[in-house]
Structure formats: C-alpha cells, structure tokens
Amino acid sequence: MNIIISNTSDKPIYQQIADQIKDHIMRGALAEAEPLPSIRSLAKDLNISVITTKRAYDELEKEGFIVTLAGKGSYVAAQNKELLRESRIKIAEEKLFEAVAAAKAAEITLEELEEMLKFFYEEA
Amino acid sequence: MENILEIRNLTKTFQGFTLNNISFSLPKGFITGFIGPNGSGKTTTIKLIMNLLRKDEGEISIFGLDHIKHESEVKNRIGFVYDENHYYEELTAEQMKRFVASAYNNWDEEKFTSFARKFGLPLNKKIKDLSRGMKVKFSLAIALSHDADLLIMDEPTSGLDPVIRSEILDILHDVIQDENKGVFFSTHITSDLDRIADYIIMIYKGEILFNKTKDELIEEHAIIKGPLSLLDTSLKNSLIGIKKGKYGFEAMAASREAADALVKAGATAEKPALEDIMLFYTRKENGNA
C-alpha cells in the first residue's frame, strides 16, 4: 500500500492519509477485514506524529471504512460495495443537478452542456 | 489519559530571570516538543525536573512520584540527554559507560553495544577527545540502554548534522512504539519537530505561551501577507507580530476565522511551520506591532 504525503499541500496530513486509505479500500487494494498498520508504526514509517495518524484513523472509523478493536488494532470494515457505489452516484447526480441549474440560468442549451460534459469527462 | 510527567506552579528566580509559575503535563505515548528562543527557560525547567537545580516553589511528579522524594527510582526510569557534557573528561567512553551502567537496574549491555556500533562511537577514546556530535550520541546511547520510560532531552540535536538528526528522530519514533513511554524534547531547531512532535509546549521569558497538539497549532495559525491598508481596519486586532514593509505587511493570524476574514479582504494566507509560529509570537513581544 502506498501512502504519499505532501508537506506543501493545503490538505492537512491526516486528511491526506484518510483519503488515500479510502481510495485503497474503494479500489479493493485493501480487502475487507485486512489489518491496517498500528497508528504508531504508521507514524514511524511516514515520519509524522502519532496524533496525526490517530486522527486519520478516527476519521476513517467515523465514516465506516475501518473498525478499531481495543488492544487488537484496526481493520478494514465490511464494506457494502453496492452502497458505496450508490453514495458516489448520488454525489455525481447532485453535482450534475447543480450544473444543470447553473446552465439554465446562463441559457446554455442541452447540446452545449453535453459538449462540455463530454470534454470534462475525457479531460479529467 | 495518564500523565508521565506533571509540573504544577513551578517557580525559580535567578538574578534577571524568573521561571514564573509554570504548569504543564506530558501524556504518555507521545513526543512532546519544548520550544522557545534561547534564554526562555527551557534548560532551567529541565534542570529543575532532574533536580539539578533547586526549585523555589511548585510540584513536579514523574510517573506519579515526587521527583525529589523518589529521586533514585525516578531517575532509574529516565533517559537523560543533556546539551552540556556531564561526564568525566579523563575517562574513556568505555570506562564511563561501565561507571554509568552500574547505576541502572535495567542496564542492557547488548542494546548499548548495538547503539555504539550504529552511532560509530569510538569507545576507547577519552570523553574529552570526542567531538560534540559524538558526545551527544554517547549520551543518547546511554539514555536508550536502560529501558527508560521517559526520555528527557535538552537540545539533543543542536550541533549535529542532518543525517544524524534524522536518525535520532527515527529512534524517538521507535521509543514511542511502546505507548507507555514518552519523550520530552527541548529544542530551538523546531524543524526537527515539524513532523514528529505530537504536542508542542512553547515557553518564552519564563512563561508558558501555549501547550497544544502540533496539528492544532499548525491548523489554527496562518502566515498572512497583505497590503498596508488592511492594518487601518479592525482586522489588525486579530494579527500577531505584525511586520510592516515598504510594499505590504507580514503577520500571523491565530485562528481560522481571522485568516479567512483577512483573505476575503485581500490578504494571502500560508500554512506556517513551527518556526514561523515561534517567530511571530516572540516578535509581538519585541514591540514591533
């Protein structure tokens, strides 16, 4: 598992860690029930403070991506992949809705909007 | 959370300097950085903890025990690295080590040998012939070889090259793999702490300015740069250590809200390093605002 930390990023380090672990879980690189490194060993390997890794794990736990058992460590939580995908689809739908509303306000045609969407989809 | 070290209302007065009624505690399992410019009271505080100086007032307890009443027990469990040499100059490192080892209950000769090898310590040389870096490494090897529960280090990295410094920081991480141990690390080279410190205590002119997690400190502070006209508004009140230049000002905002308001008004905000925070807080005291 790769975790790359940037010190110059505006994103706090705990967030960078949480996001990357989340991605690993989504892409299946970290499987269900797989143990995660302890907060202390992860802090050592990333050369950052224990409090930072702890906060990343707390965040992941709050969002249901991992579970922590006292004295045993943290594991990748049983993920409902279907549910994860659904929630991501919902986010995309909401953003699209916003884009449509903005387009209508600017009198952009559906065709023009499709053009834009196509461009961004291929560029992103 | 259990505290490995607790200091309450500690006071010590010298001519021209007072360590003024300071209180703080160290939770176990973490690395705490003790920062402040030279002459702020870092070494005085550490000497008082180690009972190398007599306190005027206050309480110090280590592992829940009074540091004077239980001095020998407490010291057995502390690894101490001090920036001045406190060994006998005429002994060789090997002789000195044997002498010191006999004082500890949990001396681990194997561990010492492995650190001595790792640090490249010339054990047959006299202490007085060791370079400053070697003396620090020698004292660190000793501090790490008796299974100490608390490492107290006064400026351990000053005068050491970056390679050794980074090795030492690695070793500190090793120490706190055991969540019952703690590290208290004084330094004015704050870049050593930017990454690894969990808590930061800043002392200035004998008083504690703040005691927070490093992440909180970095997140709530921002370096602000902006046009001089902003200083004529009420936004000025949220700035610390303002430095005016010909083309604009530079200062520090101590909260997210203040930084956001300043950015809205046309300033830029940057993430600070610990050194910036130390600098701006002490600049305020210099009366440049």
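Residues numbered from 1 in each chain as written. Chains lettered and ligands numbered in written order. Predicted model: local features only at pLDDT ≥ 70, side-chain atom pairs only at ≥ 80, totals over all residues.

**Some remarks on the overall build of chain A**
Part 1 of the reasoning: Along chain A, the regular secondary structure elements total 5 helices and 2 strands.
Part 2 of the reasoning: Overall, chain A shows an N-to-C arrangement of helices and strands of α-α-α-β-β-α-α.
Part 3 of the reasoning: Taken over the C-alpha trace, chain A has a radius of gyration of 19 Å; the compact-globule value for 124 residues is 14 Å, which it surpasses by more than 25%.
Part 4 of the reasoning: Oriented by its inertia axes, the alpha-carbon framework of chain A measures out at about 60 × 35 × 20 Å.
Part 5 of the reasoning: Out of the 124 residues in chain A, the part that is buried amounts to 23%.
Part 6 of the reasoning: Restricting to contacts in chain A with at least 6 residues of sequence separation, those with at least 24 account for 53%. (Helix = DSSP H or I, 4+ residues; strand = E, 2+ residues; numbered from the N terminus. Rg over C-alpha atoms; globule rule 2.2 N^0.38 Å. Buried ≥ 20, exposed ≤ 12 C-beta atoms within 10 Å, placed from the backbone. Contact = placed C-beta atoms within 7 Å.)

**Regarding the interface of chain A and chain B**
Part 1 of the reasoning: Contact residues are listed per partner, giving 14 residues for chain A and 17 residues for chain B.
Part 2 of the reasoning: Going through the elements one at a time, helix 2 (39–46) and helix 3 (50–62) of chain A are the ones with two or more residues in the side of chain A that touches chain B.
Part 3 of the reasoning: Of the residues assigned to the side of chain A that touches chain B, the class counts are 6 nonpolar, 4 polar and 4 charged. (Nonpolar A, V, L, I, M, F, W, Y, C, P; charged D, E, K, R; others polar.)

**A closer look at the packing of helix 1 (residues 13–26) of chain A against helix 3 of chain A**
Residue and element names in this part refer to chain A.
Part 1 of the reasoning: Packing of helix 1 against helix 3 brings their axes to within 8 Å, and their N-to-C directions diverge by 45 degrees. Relative to helix 3, the element helix 1 is oriented oblique. Between helix 1 and helix 3 lies a crossing of right-handed hand. Contact with helix 1, carried on its side by I13, Y14, I17, A18, I21 and K22, involves T52, T53, R55, A56, E59 and L60 of helix 3 and no other residues of that element. (Axes fitted to C-alpha atoms, helices over the stretch in contact; angles between N-to-C directions. Parallel < 35°, antiparallel > 145°, perpendicular 65-115°, else oblique. Left-handed = near helix turned anticlockwise from the far one by under 90°.)

**Let's talk about the sheet that holds strand 9 (residues 199–204) of chain B**
All names here are of chain B.
Part 1 of the reasoning: As summarised here, the arrangement of the 6 strands in space is 6-7-8-3-9-10, forming an open sheet in which the pairing is mixed. Strands with a single pairing partner mark the edges of an open sheet, and in this sheet they are strand 6 (78–81) and strand 10 (207–213). The mean inter-strand angle of the sheet, taken between neighbouring strand axes irrespective of direction, is 15 degrees.
Part 2 of the reasoning: Both strand 6 and strand 7 (residues 150–154) contribute to a ladder of 4 bridges, which runs parallel. (Pairing = 2+ DSSP bridges.)

**Here's the deal with the domain arrangement of chain B**
Residues and elements named next belong to chain B.
Part 1 of the reasoning: Split by domain assignment, chain B resolves into domain 1 (3–214) and domain 2 (221–285).
Part 2 of the reasoning: Just the C-alpha atoms count here: the centres of domain 1 and domain 2 sit 34 Å apart.
Part 3 of the reasoning: Opposite the 10 residues of domain 1 that make contact, domain 2 presents 7 residues.
Part 4 of the reasoning: Of all the secondary structure elements, the ones that give two or more residues to the side of domain 1 that touches domain 2 are helix 7 (191–196) and strand 9.
Part 5 of the reasoning: For the side of domain 1 that touches domain 2, the residue count by class is 7 nonpolar, 2 polar and 1 charged. (Domains from an automatic or database assignment.)

**Quick word on the nonpolar core**
Part 1 of the reasoning: Of all hydrophobic cores here, the largest spans 95 residues; its most connected members are A141, L150, I152, F184 and I224 of chain B.
Part 2 of the reasoning: Those residues in contact with I224 of chain B that lie beyond four places of it in its chain are L239, A251, M252, A253, A259, L262, A267 and A269 of chain B. (Core = buried A, V, L, I, M, F, W, Y, C linked by C-beta atoms within 7 Å.)

**Some details on the domain arrangement of chain A**
Part 1 of the reasoning: Looking at chain A, the domain boundaries give domain 1 (13–76) and domain 2 (81–123).
Part 2 of the reasoning: Distance between the C-alpha centres of domain 1 of chain A and domain 2 of chain A: 32 Å.

**Overview of helix 6 (residues 162–175) of chain B**
Along an α-helix, a turn takes 3.6 residues, which lines up residues three or four apart on a common side.
Part 1 of the reasoning: Helix length check: helix 6 of chain B (14 residues) gives 20 Å between terminal C-alpha atoms against 20 Å at 1.5 Å per residue, within 8%.
Part 2 of the reasoning: Elements in contact with the buried residues of helix 6 of chain B: helix 2 of chain A together with strand 3 (31–35), helix 5 (132–143), strand 8 (182–187) and helix 7 of chain B. (Expected span 1.5 Å × (residues − 1).)

**Regarding the confidence of the model for chain B**
Part 1 of the reasoning: Summing up the model confidence of chain B, the mean pLDDT is 90 and the portion of residues at 70 or higher is 97%.
Part 2 of the reasoning: Here the predicted complex carries an ipTM of 0.80, next to a pTM of 0.84. (pLDDT = per-residue confidence, 0-100.)

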